[in-house]
Amino acid sequence: MSDSDLFKKLTDLFRPYEKQMQVTVDNEDKYYVEESLSGDKPQMFASVQVKKNYISVYLMPVYCQPALLVDLSDDLRKRMQGKSCFNFTKDEQVPWPEFRALIRRCSEVL
């Protein structure tokens, strides 16, 4: 699987939430979505970015509400870099059902 295929699969996880949020960047190497449900000003909800050696997914609600990470599997936790970033190099590294559920929980806390 190429970087562009994995990037597309990861950005597709956020497509269902575009109706309630605003996509501000959507190109071949960066996807950025903001939400304005939790405050007066739009703020970052998530971003997917192609980096040199991996693809990063920044999921800001987990930074603001670390309780969202309590039941995180070891497989997904080892993909974390910092408090809100997940790095992937291959499709097999993404626990798709768990990651999809985490994104859904993040959207529900707004």
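In case you missed it, the structure is sitting above this.
Residues numbered from 1 in each chain as written. Predicted model: local features only at pLDDT ≥ 70, side-chain atom pairs only at ≥ 80, totals over all residues. Heavy atoms only, no water.

**Quick notes on the sheet that holds strand β3 (residues 43-50)**
- As summarised here, the arrangement of the six strands in space is β1-β2-β3-β4-β6-β5, forming an open sheet in which the pairing is antiparallel. At either end of the open sheet lies a strand with only one pairing partner, and these are β1 (22-26) and β5 (80-81).
- Pairing geometry for strand β2 (residues 30-35) and β3, over six bridges, is antiparallel. Across the sheet, the residue bridging to Glu35 is Gln43, located in β3.
- In the packing of helix α1 (residues 3-12) onto the sheet, contacts are made with β2, β3, β4 (55-59) and β6 (85-88), and the angle to β3 comes to roughly 160°.
- Sitting on the sheet, helix α4 (residues 96-108) is in contact with β3, β4 and β6, with an inclination near 30° to β4. (Pairing = 2+ DSSP bridges. Helix = DSSP H or I, 4+ residues; strand = E, 2+ residues; numbered from the N terminus. Contact = heavy atoms within 4.5 Å. Axes fitted to C-alpha atoms, helices over the stretch in contact; angles between N-to-C directions.)

Just distances and angles here, no functional claims.
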